Amino acid sequence: VILVNPSMSTPGYSFITPRWLFVIAQATPTELVGDPILVDESVEKFDPNIVRPGDIVGIGITTGNCIPGYRVLKEAKARGATVIVGGIHATIFPHEPLQKGADAVVTGSGEAVWGQAVQDALEKRLQQKYAGGRIAGEEMRKARWDLLDATKYVFPSVQTVAGCPENCSFCSVWVTEGRRPRQRLSEKVIEEVNELHDLGFRYIVFADDNFNPATLGRIAREPGENKRREFEKIREERLKFFEEYDRSVPKDMYAFAQMTTEATTDEEYLQAMYHKMRIRVALIGVESFSEEGLKSAGKLWNPVGERMVQAIQKIQDSGIFVLSSIICGLESDTVQTIRTMRSVATESGTLLAQFTVFNHYPGT
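Per chain, the residues get numbers from 1 upward, laid out in the order the sequence is written. It should be noted that, the model being predicted, local features are given only for residues of pLDDT at least 70 and side-chain atom pairs only at 80 or more, the latter also being counted only at that level, while totals for whole chains, interfaces and linings use all residues. Here the side-chain values reflect all heavy atoms present in the structure, with hydrogen atoms and water set aside.

Participant: So, the environment of Ile 234: which residues are in play, and what are the values?
Facilitator: The numbering of helices and of strands both runs from the N terminus, where a helix is a DSSP run of H or I of at least 4 residues and a strand a run of E of at least 2. Along the polypeptide, Ile 234 turns up in helix H10 (residues 225-248). Separated by 41 residues in sequence, Ile 234 and Val 193 have C-alpha atoms that sit 22 Å apart. A contact between two residues is defined here by any heavy atoms of the two lying within 4.5 Å. Other than its neighbours up to four places away in sequence, Ile 234 contacts Pro 181, Gln 183, Pro 213 and Ala 214.

This is how it looks when you write it as structure tokens:
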């Protein structure tokens, strides 16, 4: 079995590990096929000559890397391999990889069905589609970090929760992962982080699309009583996990996370992220400093203008540096709003900022 993470370019290193690659490696039935060969094209280009007839090649694609992914697909098929394609793009467009020549497509949580797909391929009864769905948090697998070349990556990635309760118009996460947060078992997360510490890492990325899915502010704006209770339970579970993590992980292991400004509505949660989870940098989805921009992004619950500036400052005052993510090119944007982005971002004092160009990606 050969697992390939395609890339548009190959600089020879990567800032963040492609988590799926190491999770699917964990889901590979080694008793049938041995350890899989992992190829991350950010680190090294896929060499078709490693493929032999009868090999099983798994390719994970997003919309951003589907073109090199289809190149790998074509090369692997030419060498006589059975090719199975999964990932976000394949989940949204399951017919496309089949049209490009894939033998099978995996949608949703690949770790749930990958083992069966490999077995079926070996027994010559491979189906065209395998639906992984959205697995529960306790079923999410840890990564095979023993297969990682630690010299090639700056930050390994660990997931603590899947799904996001929001439905921002530019985002596909709530489409593919759903709006109900699903938390992994604390012991599995802690086991992974400690393993990465043993490998020499002192900084990790939490690969959660929303690290604070159930803060006091989020609970307060939820109209449904049952949903509010569900969020209250998630918040309690998160805080308990933070305590357990703090007791079990070395104090010199720090983290980067993605979160919303609603962390500022919950002082206990915000402080726990800094002191217990030792988060030192966080990507915040600012999106726009104007009400019109937030309406266009489907994120009117975000603070506007000066209130956003204050939220960024509060997060940084808590000890967590902010990477502000701001969208350029929303329907409401003008030359003036683009200029305002820079001036307001500068005024906020945000340590870092990224100005992403709006794209209509599939699933958004």
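Here the narrative resumes, following the displayed structure.
Participant: Describe the sheet that holds strand S15 (residues 321-328), and please don't skip the residues or the numbers.
Facilitator: Strand order in the open sheet formed by six strands is S9-S12-S13-S14-S15-S16, and the pairing between neighbours is parallel. The open sheet has two edge strands with one neighbour each: strand S9 (157-158) and strand S16 (352-357). At least two bridges found by DSSP between two strands is the condition for calling them paired. Examined bridge by bridge, S15 and S16 share six bridges and lie parallel to one another. Looking at S16, one finds that Leu 323 is bridged to Leu 352. Only the contacting stretch of a helix is used when fitting its axis, a line to C-alpha atoms as for every element, and angles between N-to-C directions run 0 to 180 degrees. Across the sheet, helix H13 (residues 306-317) touches strand S13 (254-259), strand S14 (279-287) and S15, and the angle it forms with S15 is around 150°.

Participant: Tell me what's going on with the side chain of Asn 5, and back it up with residues and numbers.
Facilitator: Its place among the elements puts Asn 5 in strand S1 (residues 2-5). A polar contact is formed between the side chain of Asn 5 and the side chain of Trp 20, at a distance of 3.0 Å. Not counting chain neighbours up to four residues away, the residues in contact with Asn 5 comprise Pro 18, Trp 20, Leu 21, Val 39, Asp 40, Glu 41, Gly 60 and Asn 65. N or O atoms within 3.5 Å of each other form a polar contact, as long as, within protein, one can give a hydrogen and the other can take it, and as long as residues adjacent in sequence are counted only when both atoms are side-chain atoms.

Participant: Before we move on, can you summarise the environment of Ala 282 with the specific residues and values?
Facilitator: Mapped onto the elements of the fold, Ala 282 is located in strand S14. Setting aside chain neighbours within four positions, we find Ala 282 in contact with Ala 257, Met 259, Ile 320, Phe 321, Val 322 and Leu 323.

Participant: Give a description of the sheet that holds strand S7 (residues 129-131) that names residues and reports values.
Facilitator: The pairing of strands in a sheet comes from backbone hydrogen bonds and takes either a parallel or an antiparallel form. The six strands lie next to each other as S3-S1-S4-S5-S6-S7, forming an open sheet whose pairing is parallel. The strands lining the two open edges of the sheet, one partner per strand, are strand S3 (37-40) and S7. Each strand of the sheet is rotated relative to its neighbour by a mean of 20°, with strand direction disregarded. Both strand S6 (residues 104-107) and S7 contribute to a ladder of three bridges, which runs parallel. Looking at the pairing, Val 105 lines up with Lys 129 of S7. Across the sheet, helix H1 (residues 19-27) touches S1, S3 and strand S4 (56-60), and the angle it forms with S1 is around 165°. Here helix H6 (residues 114-122) sits on the sheet and contacts S1, S4, strand S5 (82-86) and S7; the angle it forms with S4, its principal contact strand, is near 150°.

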